[in-house]
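Coordinate inspection notes
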Amino acid sequence: MRTTTIATGALLFLLGPIFFALGGEHKSFTAFIPSIFGIALIVCGAMATTVKATKMAMHIAVVVAFLGVLGSMRFVSKWPSLLSGGDISTKLGPLSGLLLFLLCGFFVVRSVLWFLGNRAARSAA
C-alpha cells in the first residue's frame with residue numbers, strides 16, 4: 001500500500017504544475033491544490049516504514065484523500081461541460097478538480113479494501 005500511496009501522491013503532485021503551465025492567460029495558483037494533497041500522500045507513504053507506522057500513516061492518508069474527495073465533489077457535476085467545445089483554458093479548473101476527485105476517490109476505495117483485507121487476514125490467523 002505504501003507504493004500506491006506514493007504513486008497516487010506523485011500523480012496528484014504533478015497535476016499542479018501541469019495545469020498551471022497549461023493555464024495560459026488564465027493561470028491561477030489554485031492549480032496547485034492537487035499538489036498539496038499529493039505532498040501529504042507522499043509524506044504518508046514515506047512514513048510507512050514499520051507495521052505500526054504503516055497503520056498510522058495509512059489512516060492519515062485515507063483522511064487526506066477523503067478530504068480531497070469532499071473538496072472536489074462540486075466538479076463532478078461539471079464533467080458534461082468539459083466535453084462541449086470552447087476554449088480549453090477556461091475548462092482546466094473543473095478538469096483539475098475532476099481528476100483530483102477521481103484519484104483521491106480511487107485511493108480511498110483502494111485503501112478501504114486494503115484495510116478490510118488486513119483485518120480478514122488477522123482474524124483468520
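Residues numbered from 1 in each chain as written. Predicted model: local features only at pLDDT ≥ 70, side-chain atom pairs only at ≥ 80, totals over all residues. Heavy atoms only, no water.

1. As for the overall build of the protein
Helix and strand content of the protein: five helices and zero strands. In the protein, the succession of α and β elements from N to C terminus is α-α-α-α-α. Principal-axis analysis of the C-alpha atoms gives the protein an extent of 60 × 25 × 20 Å. In the protein, which comprises 125 residues, the share counted as buried stands at 35%. Partitioning the contacts of the protein with sequence separation of at least 6, the portion at a separation of at least 24 is 65%. Carbon and sulfur atoms make up 74% of the accessible area of the protein, which amounts to about 7400 Å² in all. (Helix = DSSP H or I, 4+ residues; strand = E, 2+ residues; numbered from the N terminus. Buried < 20%, exposed > 50% of the residue type's maximum accessible area, 1.4 Å probe, protein only. Contact = heavy atoms within 4.5 Å. Areas by Shrake-Rupley, 256 points an atom, 1.4 Å probe, with all protein chains shown as cover.)

2. Here we look at the packing of helix α2 (residues 33-47) against helix α3 (residues 51-72)
Where α2 meets α3, the axes come as close as 8 Å, and the angle between the chain directions of the two elements is 170°. Between α2 and α3, the crossing angle belongs to the class labelled roughly antiparallel. The hand of the α2/α3 crossing is left-handed. Listed contacts from α3 to Phe37, Ala40, Leu41, Cys44, Gly45 and Met47 of α2 are Ala53, Met56, Ala57, Met58, Ile60, Ala61, Val64, Leu67 and Gly68. Each residue belonging to the contact of α2 with α3 can be placed in one class, and the counts come to 13 nonpolar, two polar and no charged. (Axes fitted to C-alpha atoms, helices over the stretch in contact; angles between N-to-C directions. Parallel < 35°, antiparallel > 145°, perpendicular 65-115°, else oblique. Left-handed = near helix turned anticlockwise from the far one by under 90°. Nonpolar A, V, L, I, M, F, W, Y, C, P; charged D, E, K, R; others polar.)

3. Describing the packing of aromatic side chains
Inspection of the entire model under this criterion finds four aromatic pairs. Measuring from ring centre to ring centre gives 5.2 Å for Phe20 and Phe29, while their planes differ by 25°; the resulting arrangement is stacked. A residue is classified by how much of its surface remains accessible, and Phe20, at 21% relative accessible area, is partly exposed. On the basis of an interplanar angle of 35° and a centroid distance of 5.1 Å, the ring pair of Phe20 and Phe32 is categorised as tilted. Of this pair, Phe20 sits in helix α1 (residues 2-22) while Phe32 sits in the loop between α1 and α2, and the two are 12 residues apart along the sequence. Look at Phe32 and you get partly exposed, because its relative accessible area is 27%. Here the aromatic cluster, defined as three or more aromatic residues joined through ring pairs, consists of Phe20, Phe29 and Phe32. (Phe/Tyr/Trp six-rings, centres within 6.5 Å; stacked < 30°, edge-to-face > 60°.)

4. Quick look at α3
Compared with an ideal rise of 1.5 Å per residue, which puts 22 residues at 32 Å, α3 spans 31 Å between its outermost C-alpha atoms and is within 8% of the ideal. Where α3 is concerned, the buried positions are Ala53, Thr54, Ala57, Met58, Ala61, Val62, Val64, Ala65, Gly68, Val69 and Ser72. On its buried face, α3 sits against α1, α2 and α5 (92-124). (Expected span 1.5 Å × (residues − 1).)

5. A word on α1
Under the 1.5 Å per step criterion, the end-to-end length of α1 is 31 Å for 21 residues, consistent within 8% with the ideal 30 Å. Residues of α1 that are buried in the fold lie against α2, α3 and α5. The first or second residue beyond α1 is Gly24, which carries a positive phi of 60°.

6. Points about the side chain of Thr5
Mapped onto the secondary structure, Thr5 falls in helix α1. What Thr5 contacts, discounting residues up to four positions off in sequence, is Leu41, Cys44, Gly45, Met58, Ala61 and Phe107.

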